[in-house]
Amino acid sequence: MVNEKSNLPTGQASLKSEIETLREDCLSPTRNWGRPTQIWIGCLLIVIAWGLYCYIHQLRHGLGVTAMRDYVSWGLYISTFVFFIGISHSGTLVSAILRITRQEWRRPITRSAELLTFVSLVFGGILPIIDLGRPDRIANIVIFGRVQSPLIWDVISICTYLAGSTIFLFLPMIPDMALCRDRLTVVDSRFKKIRKWIYTKMALGWKGTKSQWHRLEWSMTIMTIVIIPVAVSVHTVVSYIFAMTLRPGWNSTVFGPYFVTGALYSGSACVILGMAAFRKMYHLEKYITLKHFNLMGQIELVLTLIYAYLNLNEYWIPAYKMATAEGHLLNDLFYGSYSIAFWTCQIGTVMVPLIIMSFPKGRNITMLTITCIIIVAGAWVKRYLIIVPTLLHPFMPIQEVPGTWSTYFPNYVEFSITAACLAGIFLFITLFAKLFPMMAVWEVEEGIKIDHDKQSAIEIRKQREEEEAKITGELSALGNETIKQPT
Amino acid sequence: MQEDNKQKNKSNRRDFLKKSLITGGLLAAGAIGFEKVFSAKKDSGEKVKVRAPDGKVYEASSDHLKEYRPPPVTNAEARRGIAGKKFVMVIDLAKCDGCKTCTAACQTMHFTEPDREWIKVFKMKDAATTAPYFFPKPCFHCDNPPCTKVCPVNATFKRQDGIVLIDNERCIGCRSCMAACPYSTRFFNWSHPSALQIAAVGEMAYSPEQSVPRRMGTVEKCDFCPDMIRQGKMPACATSCPMNAIYFGDQNEDAVTNASGGTVKLSQFLIDNAGYRHLEELGTEPRVYYLPPKNRKYPGPDMKNVGKEKKKTKPMEMDMGNMQM
Ligand code: SF4
Ligand code: SF4
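Summarised in this report is the structure supplied together with it. Note that this is a predicted model, so its numbers are computed, not measured.

What counts and how
Residues numbered from 1 in each chain as written. Chains lettered and ligands numbered in written order. Predicted model: local features only at pLDDT ≥ 70, side-chain atom pairs only at ≥ 80, totals over all residues. Heavy atoms only, no water. Helix = DSSP H or I, 4+ residues; strand = E, 2+ residues; numbered from the N terminus. Contact = heavy atoms within 4.5 Å. Phe/Tyr/Trp six-rings, centres within 6.5 Å; stacked < 30°, edge-to-face > 60°. Buried < 20%, exposed > 50% of the residue type's maximum accessible area, 1.4 Å probe, protein only. Lys NZ or Arg CZ within 6 Å of the ring centre and 35° of its normal. Core = buried A, V, L, I, M, F, W, Y, C linked by side-chain atoms within 4.5 Å. Near = heavy atom within 4 Å. Nonpolar A, V, L, I, M, F, W, Y, C, P; charged D, E, K, R; others polar. Expected span 1.5 Å × (residues − 1). Arc of directions from axis to C-beta. Buried area = accessible area lost by both parts, 1.4 Å probe. Salt bridge = Lys/Arg side-chain N within 4 Å of Asp/Glu carboxyl O. Polar contact = N/O pair within 3.5 Å; in protein donor to acceptor, adjacent residues only side chain to side chain. Pairing = 2+ DSSP bridges. Axes fitted to C-alpha atoms, helices over the stretch in contact; angles between N-to-C directions.

### Side note on the overall build of chain B
Secondary structure summary: chain B contains eleven helices and 13 strands in total. Across chain B, contacts joining residues at least 24 apart in sequence account for 66% of those joining residues at least 6 apart.

In structure tokens form, the structure reads like this:
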């Protein structure tokens, strides 16, 4: 396909067979639930069960079972919330922006990007609820909600984004669901009945008629345009939870764009990781190629550059002035107890990837995967470093308090619950991949057809040119000069 | 039938007695009642005479004594505040000797766990060359409160009389307000209230004005003792300060009073003594003023170990004995 244009066979028959292999390549992983998958799902379920147990423990005895205390009143949960919401920006970027700019190479990777958006958003949205002292009163947000509160802005924009990205994920799945529905009868697979039911329901009676295609395309165009500003708003208001306070380190006007780029930077890295993983696991080497990694690597490079630039603004400007309260915080970050984590984050996960990715060799599959793992881990730690040290440097000095108040490191309850959320994300993706094709089959098909059309167009043109040349030659040989040459 | 009625009358009277015991001298009675509740495990058989509001004197077992609190105002009333008032506090740093009596009085008054200091006495030293001083810090009841702005459910609110309160029956425990308060004033109930505290608070009906009974998963902080103010009394910290450093009053009346009973004209007092507000540059408009710590009559705090010493973390209940007045 995309990589081996020269080997492309021409003609309708070859096109058909190519599409046929594509469909099989995409659907076959959904048919076998091998041992490894079962073990993997089992492990994830254990992690989730333990996390649930810890959450029940936390519900019964209060947030006191975590390491959070009155100074560090937001910890790992909120950091992870910000991180997950950041990851959820991946889908929008890759899918919507590349769709809008009509990038042909996006086709095989949109589905996984949109899926990543959806799940990370769901689990990102769960985390602040886990962090609530009174989750039983969650209805108060609706009953007494105040639009003046940044938290309500978050609720509104995250809900909007969730609804939007659900539609965005679902719309391009409709033709694929119809494909699954129609093909299911052909082969034997597990849970046939329930699958048939799911596919039939989700296909929404798709028959592939002209008007249905027209409507699908229309809705996709509208969603693409709508989802981008919504996505930007989400991370902007997430940053506002912090930026709307007077705290040193949070009281910053650059926080909106800083969080949005940070989100795109970590989210795109996650898409690259997802690409690498699905490519290996579902043998999609033919479709997701070096070209895709190279191009995504370039996007990641640009995002890292912008992110590094905003980091410079965020730290260098106050560091130059060293105002009292801000100065205490920065001293702690630069030279104090958080310095190792801080500099590892800044140099190890921003500057080093920047350098690696600037070289074409650094954008090959292995290098890019390693770089992206570093980036994602760094982004997570960075969220923590934005939240916790600031809380430990309030305006009033921390004096004569129990030792546990003036330090913070998440304890097993927080780690377990966070791990359960992460496992939830993996579980959802695994189940999704075992039920639905991980590439938008029809979109890739369309890509193949376009390629074919281009290919045949070239050939037809060549043929025509040859014929024309022949005719012209013959005509001139005849010496008939009154006949105009065809243009 | 008649006997039944008698019985009812009796129990009614007992109820009434219980509710109205010791109406006078609330603070002192509060202290007694508090201690009694703490040692309520065994009946001491000690009888005391108390005068009920109807003027008659009754005899009751001292174990049944409980601090009298007037029935709480309604939630709507508590959210509105006291009409025509603007409460204000002035703390004279020149007088404060860091004895923490205010903290202790506050903790008794509000049945606070010992690690919660709604009014906390900081040891401050602004620069290497400037004087060290003690700095009692309650909630500032800011006029431009960052904390109430961010609350998603209006559980913490600003009243017309200037007081900022929390409704712990509505609070969802998101802790936005704790992040937003620049003065580290707010505390979170990370766990269930301790058994001792539950015993001490008893079956008091809740109102945002008295902040008890506490509930796990909600926020609490200094409330300027509005339930005391309604009875025409001053907050516990102001009345307990042995150095008369804490003044409390109404800005509309332009008068503040301290524990000695001396009343001064607020506006002139602030001008004469160069009163200021802490971290004025944050624009939170605190309702608590400070007078600079000049010409002190006591040694300032020893700053050598400040910030280094750490209180041991004790389970809350073990510490309860220390918090009685
Ligand atoms: S001191 Fe803090 S809690 Fe009190 S009103 Fe001001 S911002 Fe709110
Ligand atoms: S913790 Fe309670 S009072 Fe504070 S902002 Fe959240 S809901 Fe409001």
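That shown, we press on.
### Section: the packing of aromatic side chains
One pass over the full model with this rule turns up 38 aromatic pairs over all chains. Ring plane angle 10° and centroid distance 4.5 Å describe the contact between Phe83(A) and Trp380(A), whose orientation is recorded as stacked. You can see Phe83(A) sitting in helix 3 (residues 76-87) and its partner Trp380(A) sitting in helix 15 (residues 365-391), a full 297 residues away along the chain. Since its relative accessible area comes to 22%, Trp380(A) is described here as partly exposed. Three or more aromatic residues link up through ring pairs in this structure, and these residues are Trp74(A), Phe242(A), Trp250(A), Phe255(A), Tyr258(A), Phe259(A), Tyr265(A) and Tyr307(A). Directly above the aromatic system of Phe122(B) lies the positively charged group of Lys120(B), at a separation of 5.8 Å from the ring centroid. Geometry around Tyr206(B) places Arg215(B) over its ring, the cationic atom sitting 5.1 Å from the centre.

### Overview of the nonpolar core
Trp74(A), Phe81(A), Phe242(A), Trp250(A), Tyr258(A), Phe135(B) and Ile246(B) are the most contacted members of the largest nonpolar core, which has 193 residues in total. In this view, Ile246(B) contacts Met89(B), Val90(B), Ile91(B), Cys102(B), Ile119(B), Cys237(B), Ala238(B), Cys241(B), Thr257(B), Asn258(B) and Ala259(B); residues no more than four positions away in its chain are not counted. Judged by nonpolar contacts, the second largest core, of nine residues, contains Val90(B), Tyr247(B), Leu270(B) and Leu291(B).

### Here's the deal with the site of ligand 2
In the vicinity of ligand 2 there are 13 residues, among which Cys151(B), Cys171(B), Cys174(B), Arg175(B) and Cys177(B) approach most closely. Classifying every residue of the shell around ligand 2 by side-chain character gives nine nonpolar, three polar and one charged.

### What about helix 9 (residues 192-203) of chain A?
Residue and element names in this part refer to chain A. Taking 1.5 Å of rise per residue, the twelve residues of helix 9 would be expected to cover 16 Å, and the 16 Å separating its terminal C-alpha atoms lies within 8% of that figure. Turning to helix 9, its buried residues number three or more, namely Arg 195, Ile 198, Tyr 199, Met 202 and Ala 203. End-on view of helix 9: buried residues confined to an arc of 120°, all on one side of the axis. Among the exposed residues of helix 9, those pointing more than 90 degrees away from its buried face are Lys 193, Trp 197 and Lys 201. Downstream of helix 9 by a residue or two, Leu 204 has a phi angle that is positive, lying close to 50°.

### Overview of the interface of chain A and chain B
Bring the parts together and some accessible area is lost; that lost area is often taken as the interface size. Contacts between the two partners involve 44 residues from chain A and, on the opposite side, 52 residues from chain B. Each partner contributes to the roughly 4100 Å² buried at the junction of chain A and chain B, and carbon and sulfur atoms together form 57% of this total. For the chain A face of the interface with chain B, the top three residues by lost area are Met396(A), Gln399(A) and Glu400(A), together amounting to 19%. In this assembly, chain A and chain B are joined by four salt bridges. With a closest N to O distance of 2.8 Å, Asp70(A) and Arg116(B) form a salt bridge. Linking chain A with chain B are 27 residue pairs in polar contact (both at pLDDT 80 or more), by the criterion used here. Of all the elements in the fold, those that place two or more residues in the side of chain A that touches chain B are helix 2 (35-61), helix 6 (140-143) and helix 7 (150-170) of chain A. Class assignment for the residues of the side of chain A that touches chain B results in 21 nonpolar, 14 polar and nine charged.

### Brief notes about the sheet that holds strand 13 (residues 288-291) of chain B
Residue and element names in this part refer to chain B. Strand order in the open sheet made by the five strands is 12-11-10-3-13, with mixed pairing throughout. Looking at which strands have only one partner, the edges of the open sheet turn out to be strand 12 (263-265) and strand 13. The sheet shows a mean angle of 25° between the axes of neighbouring strands, taken without regard to direction. Two elements, strand 3 (residues 87-92) and strand 13, share four bridges in a ladder whose sense is parallel. Within the sheet, the bridge partner assigned to Met 89 lies in strand 13 and is Val 288.

### Observations concerning the pattern of salt bridges
All names here are of chain B. Applying the stated criterion across every chain, the model contains 25 salt bridges over all chains. When the shortest N-O distance is used, the salt bridge between Asp 161 and Arg 159 registers 2.7 Å. Arg 159 gets classed as buried once you look at its relative accessible area, which sits at 3%. Here Glu 209 ties to Arg 230 by a salt bridge, and the two come within 2.7 Å at their closest N and O atoms.

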